[in-house]
Amino acid sequence: MTDRLEVRRTAKLYIGGAFPRSESGRSYEVTTHAGEPLAQVSQASRKDLREAVVAARSAFPAWSGATAYLRGQILYRVAEMMEGRRAQFEAELADAGAADPARGVSASIDRWVWYAGWADKLAQVVGATNPVAGPYFNFTLPEPTGVVGIVAPGNQSLLGLVSRLAPAIVSGNTTVAIASERSPLPAVSLAEVLATSDVPAGVVNVLTGRTAELVPWLASHMDVNGIDVTGVPDELLADTERAAAENVKRVHRAPDADPFDEAAQSPYEITAFTESKTVWHPMGA
Amino acid sequence: MVGVSQAAELSPRQPLEPVATASEAARIVARATAVDAVGLEGRAAALATRSIKRDSKVWALELAIRCMDLTTLEGSDTTGKIVAMCAKAVRPDPLRPEVPGVAAVCLYPQLVPVAVEQLAGTGVAVASVAGGFPSGLGPLDARLREIADVAAAGADEIDIVLNRSLFLGGRYAEAFEELVAAREAAGSAHLKVILEAGELGSYDRVRQASMLAMAAGADFIKTSTGKISVNATLPNALCMMEAARDFHRQTDRRVGVKVAGGVRRSKQSIQYLVLVHETLGPDWMTPDLFRIGASSLLNDVLMQLEKEDTGHYSGPDYFTVD
Amino acid sequence: MTEAIERPASAAPPWEYASAPESTDIVRLDHRYGLFIGGEFVEPKSGRWFPTISPSTEETLAEVAEADAADVARAVDAARDAAPAWRALAPAERAKYVFRIARQLQERAREFAVLESLNGGKPIKESRDVDIPLAAAHFFYYAGWADKLEYAFPARGTPAPVGVAGQIIPWNFPLLMAAWKLAPALAAGNTTVLKPAETTPLTALLLAQVMQEAELPPGVVNIVTGAGETGAALVDAPVDKIAFTGSTEVGKIIRRSTAGTGKRLTLELGGKAANIVFEDAPLDQAVEGVINGIFFNQGHVCCAGSRLLVQEPVFDALLGKLKDRLQTLRVGDPLDKNTDVGAINSRAQLEKIEELVESGVEEGAEIYQPECLLPERGFWFRPTLFTGVSQSHRIAREEIFGPVLSILTFRTVDEAVEKANNTPYGLSAGVWTEKGSRILHMAQRLRAGVVWANTFNRFDPTSPFGGYKESGFGREGGLHGLEPYLTFDGGAR
């Protein structure tokens, strides 16, 4: 019996629903936790990031305009696709050095389902009708803020990314996510899942590459409305927040918690990137 | 002269006169019934799911042909193009003489004499755009002269645009007066007024424009020029049909409705016919009162007719491209 | 100028909508269905069975079991036995069971829609486009609440299920009503015994099969088929909560039966909703709303807009449009995709409608019905309008639950509000006007649990539904729909 040569996967960027290589032509080597070579992964440039933001912006009207029910349905389907690919995710987590890959994958899928269920409930919990002192009907609704940049945590390369991404998009935001530099493959597989899950092109864009190179461009981009800095290394944080001031981006860092803990999931991770709109209307014959 | 075939039936109809004066224009607009967008779109969507029986389907497809204004409005239209199109208009399917001809051809003023010559005695009418189509914003005297000229050149029908600049600017009396002047310049040719529904911004406005145009004596109200990104849609057409229905109730006058732009598939043409049937009734199911302005639709309808006849799906190679 | 050649005059357009019947092949019916208890279909201890028919043809579709008090007791025991494990499950796991049910409903949507129309009589386009998608959506929505209850009622105490719920549902939206009852109950951690209506058991029984496929733990949902006596047995059984949707008359009986027992109770009862059209209304859409309000589901709708209140100046125009629109309604085979109005659910209901319509004529109202051919077999009633109706007429006061609209007029906002509220019922109301402030003003003053403005008969799992006054109490849908199935004082018995 001859050994069968396996067909190796090319790990590319995920922008606007397609999988291009970096326009810069660069790639970098990713190793296992133990240091063995694992794959060549596209190294995104600032121009790729620019294109990703354009893709996210053009996807925003339709995604934010979809019914909450539809967004919930689509996110639930993502979980279905993830479940189907568990073996691949577990292998990638094992390569990344995860102590319990199976637990990590299960937690990621369940977390995704948890957030999917918020789509058509958030407004009921954080919205309100306000009893103003006059003959006016007054209500407040949460609305998605727009394009949200996400810097995924370096470790917990699947659960950490899911915990940032799901709350960002469930309310209608579109995103540009910078994957973990050290272990990007689960992010690449997640992008492949998204591409097959009825998630419209551009709602999620995933860039692999050097975090320190990409973060300043994301933080200073004037057409990005919010940035999740959970994965930004401490030494870069101050600069990142300063750059974000230019167009008053909403800046959020997830609270320090064991990502496996239920405390790590909360509707207030969703509201970190929603705006509140309040409307007045007179009541009278 | 092109071979004669079963062409459209156009009973000679007297062009309509205005039923109001310019001083009433503002009131006509203000009193137009409000239109709820969600409700209107829901009704249009529900009607689009009706399915019609096989025999009726054949009849409907043939009616779609009989109600078609076969259109070409390109800067590159030449005599040769018009000659070919007229042949197609009279006999759409060379292999099937029983397929009826279309109601009219629709083209630019310069090509009117060619079409008049080609279509003489065939029963297919010559419709021309005029009046500064598609924007309608050239000098008024030039626009009216263009209308009079194409009428003199032999056009049976003239498609003009509502002056949206005046209408959206709230200058209703002036917009009305322009329509009445166009009516006069057209003489005995039938006047179709294009509302350009895709520019009007709301269904309320579409209804107002419909009522204004009908009061000014339009023989037909037409959805679109086909030159902007939003052309005929089921909700726009439904809104206009509801206006025509109410106008008929108020004045006893029947005004025709033409949908134009973006109608490419047989299924769409049948959906529009369903709208007509459900809203205006069987009286409007005739080329005298309903038209579809289209070009590639014709071949799609021919293909569907072929499928109904033979039982298998056909392909574009079997129909002429003119 | 072109000369027109003489052509023969066109004949009257031979326009017919396709009889576009949805095939029933997709439904495979068993000859006989037992009770669904403890995850299995079992023979009834009563030993009795009864037929269930298609109201459009009167043909028997299948036999279902008739549960007696002993059967009901057995079902309640099964629910009670399953309760601790179901409650102890991690909420996220409970959620996933309910998500599975939702997904299955979507997968088998066509099958459910055909069966619903076959067994109940409603047009296939309604069961396909409204009932079944909404049912799936209810399961989806509530699945997502199962593991988020602490956010639904913040700082109220730890939410816990009430325990075992007895749920009795009507025949007008059989599967949807089952979803309205089961979804929140399950999400909140309860186990249930469901009693479908006597004339429409089949989609509930098909749902039981879906639950088996979803591997729902046995006993979490139990289904006991039967008639009034089965329902009464369930009301009297040792359950923790009763949820009932049906007539006000039976609702009152249930209220009396449960008095002093400590059982939690929610009731969703009858209505006599006013659909109010002002002169500035978007008239053509108002016509659609009025038509939908009373002829959707043959008027078998608790929140039906059965009283039309028209502002006088626009009465003639509206009536003319309504009469014209009535001519285009297609009454016939529920399985025909072009049918607008289906069969009346049962002979008993048909007789009630006929009796009330006769009273309308006798009391002096003017009746209008379009001409339409009705099939010979089956239960049918033509869409009907009454004008010249006054508030004191029976047809203006009593719920007809059929395709019959009573039309009254008004002059001012105050008069409209007064007439609309002048009823012991208070389930829903409709307001048609372009003026936003008037919509909100009316919404504020109308004593109804649901107010629809410039629309009618809109339902959504996120939107609470329920009545004021004799239309019942408690809400289904939304956050509010969870509350009846939860306790915050330390836990279920």
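Within each chain, residues carry numbers counting from 1 in the order of the written sequence. By the order in which they are written, chains take letters starting at A while ligands take numbers starting at 1. Local features in this predicted model are restricted to residues of pLDDT 70 or higher, and side-chain atom pairs are both shown and tallied only at a pLDDT of 80 or more, whereas totals for entire chains, interfaces and linings draw on every residue. With hydrogens and water set aside, each side-chain value is computed from the structure's full complement of heavy atoms.

Caption draft 1: Expanded view of the overall build of chain C. Think of it this way: any DSSP run of H or I at least four residues long counts as a helix, any run of E at least two long counts as a strand, and we number them from the N terminus. Helix and strand counts for chain C stand at 15 helices and 20 strands. Values of the radius of gyration come from C-alpha atoms, whereas the globule rule sets the reference at 2.2 Å times the count of residues to the power 0.38. Taking 493 residues into account, the globule formula puts the C-alpha radius of gyration at 23 Å, and chain C, at 24 Å, falls close to it. Principal-axis analysis of the C-alpha atoms gives chain C an extent of 85 × 50 × 50 Å. We call a residue buried when its accessible area falls under 20% of the maximum for its residue type, exposed when it is over 50%, and partly exposed in between, using a 1.4 Å probe and counting protein chains only. When each of the 493 residues of chain C is scored for burial, the buried share is 62%.

Caption draft 2: Geometry of the overall build of chain A. Helix and strand counts for chain A come out as 10 helices and 10 strands. Compactness check: chain A gives a C-alpha radius of gyration of 20 Å against a globular reference of 19 Å for 285 residues, within 12% of the reference. Its C-alpha atoms put chain A at 85 × 40 × 35 Å along the principal axes. Relative to its full complement of 285 residues, chain A shows a buried share of 51%. For chain A, contacts bridging at least 24 residues in sequence account for 76% of all contacts bridging at least 6. For chain A, the exposed surface amounts to about 12,500 Å²; the carbon and sulfur share of it is 53%. Note that His is not counted, nor are the chain ends; the positive residues are Lys and Arg, and the negative ones are Asp and Glu. Note that the charge is assigned to NZ on lysines, CZ on arginines, CG on aspartates and CD on glutamates. Across chain A, the 25 positively charged side chains and the 33 negatively charged ones have centroids separated by 5 Å. Any two residues whose heavy atoms approach within 4.5 Å are treated as being in contact. Note on areas: these come from Shrake-Rupley sampling with a 1.4 Å probe, and a residue is covered only by the protein chains present in the view.

Caption draft 3: Geometry of the pairing of strand β6 (residues 174-178) of chain A. Residue and element names in this part refer to chain A. Summarising burial for β6: five of the five residues are buried, a large majority. Taking every second residue as pointing to the same face, both faces of β6 are buried, with Thr174, Val176 and Ile178 on one and Thr175 and Ala177 on the other. Only strands that DSSP links by at least two bridges are regarded as paired with each other. Relative to β6, strand β5 (residues 147-151) is paired through five bridges, and the arrangement is parallel. Note that in β6 the partner of Val147 across the bridge is Thr174.

Caption draft 4: Examining the environment of Val126(B) more closely. Here Val126(B) lies in strand β3 (residues 125-129). Judged by relative accessible area, which is 0%, Val126(B) ranks as buried.

Caption draft 5: Looking closely at the interface of chain A and chain C. Taken together, the contact between chain A and chain C spans 24 residues of the former and 27 residues of the latter. Here the buried area means the combined drop in accessible surface, using a 1.4 Å probe, for two parts upon being joined, counting both sides. In total, about 2,200 Å² of surface goes out of reach between chain A and chain C, with carbon and sulfur atoms giving 60% of it. Put simply, a salt bridge is a Lys or Arg side-chain nitrogen that is within 4 Å of an Asp or Glu carboxyl oxygen. One can count two salt bridges joining chain A with chain C. Between Glu80(A) and Arg103(C) there is a salt bridge, and its shortest N-O distance comes to 2.6 Å. In protein, a polar contact requires one atom able to donate a hydrogen and another able to accept it; more generally it is a pair of N or O atoms within 3.5 Å, and residues adjacent in sequence count only if both atoms are side-chain atoms. Where chain A meets chain C, there are 11 residue pairs in polar contact (both at pLDDT 80 or more). With five residues, helix α2 (residues 68-84) of chain A is the largest single contributor of residues to the side of chain A that touches chain C. Under the scheme applied, nonpolar residues are Ala, Val, Leu, Ile, Met, Phe, Trp, Tyr, Cys and Pro; charged residues are Asp, Glu, Lys and Arg; polar residues are all the others, including Gly. A per-class count over the side of chain A that touches chain C returns 12 nonpolar, seven polar and five charged.

Caption draft 6: Summary view of the domain arrangement of chain C. Residues and elements named next belong to chain C. The split of the chain into domains comes from an automatic or database domain assignment. Per the domain assignment, the segments making up chain C are domain 1 (32-269 + 469-490) and domain 2 (274-453). Computed over C-alpha atoms only, the centres of domain 1 and domain 2 are separated by 30 Å. Contacts between the two partners involve 30 residues from domain 1, matched on the other side by 33 residues from domain 2. Carbon and sulfur atoms supply 54% of the area that domain 1 and domain 2 bury against each other, a total of about 2,600 Å² over both sides. When the buried surface of domain 1 facing domain 2 is broken down by residue, Glu58, Trp171 and Lys469 rank first, second and third, together holding 23% of it. At the boundary of domain 1 and domain 2, one finds two salt bridges. A salt bridge links Arg347 to Glu58; the shortest N-O distance between them is 3.2 Å. Seen at the junction of domain 1 and domain 2, the total is 17 residue pairs in polar contact (both at pLDDT 80 or more). Breaking the side of domain 1 that touches domain 2 down by element, the ones donating at least two residues are α3 (109-120) and α4 (124-145). Residue composition of the side of domain 1 that touches domain 2, by class: 10 nonpolar, 11 polar and nine charged.

Caption draft 7: Spatial organisation of the pairing of strand β10 (residues 241-245) of chain C. Residues and elements named next belong to chain C. Most of β10 sits inside the fold, with five of its five residues counted as buried. Because side chains alternate across β10, one face comprises the buried residues Lys241, Ala243 and Thr245, and the other comprises Ile242 and Phe244, equally buried. Relative to β10, strand β7 (residues 164-168) is paired through four bridges, and the arrangement is parallel. Note on β10: the bridge partner recorded for Ala165 is Lys241. Handedness is read with the strands pointing away from the viewer; a crossover is right-handed when the path from the first strand over the helix to the second is clockwise. Taken together, β10, helix α9 (residues 248-257) and strand β11 (residues 264-268) form a β-α-β motif whose crossover is right-handed.

Caption draft 8: Summary view of the packing of aromatic side chains. Under the pairing criterion, centres of Phe, Tyr and Trp rings, with the six-membered ring standing for Trp, must be within 6.5 Å; the plane angle then separates stacked pairs below 30 degrees from edge-to-face pairs above 60, leaving the rest tilted. Enumeration over the complete set of coordinates arrives at 28 aromatic pairs over all chains. Measuring from centroid to centroid gives 5.2 Å for Phe36(C) and Phe41(C), while their planes differ by 50 degrees, and the two rings are tilted. For Phe36(C), a relative accessible area of 4% puts it in the buried group. The exposure class assigned to Phe41(C) is partly exposed, which follows from its relative accessible area of 29%. Feature note: the residues Trp114(A), Tyr115(A), Trp118(A), Tyr268(A), Tyr141(C), Tyr142(C), Trp145(C) and Tyr151(C) constitute an aromatic cluster, connected by ring pairs. Two conditions define a charge sitting above a ring: the NZ of Lys or the CZ of Arg must be within 6 Å of the ring centre, and it must be within 35 degrees of the ring normal. When the ring centre of Phe260(A) is taken as origin, the NZ or CZ atom of Arg103(A), which lies over that ring, is 4.0 Å away.

Caption draft 9: Spotlight on the environment of Glu269(A). Residue and element names in this part refer to chain A. As for its placement among the helices and strands, Glu269 is situated in helix α10 (residues 267-271). Given the relative accessible area of 8%, Glu269 is considered buried. Spatially, the C-alpha atom of Glu269 lies 21 Å from that of Arg77, the residues being 192 residues apart in sequence. Here the side chain of Glu269 touches Arg164 through a polar contact of 2.6 Å, side chain to side chain.

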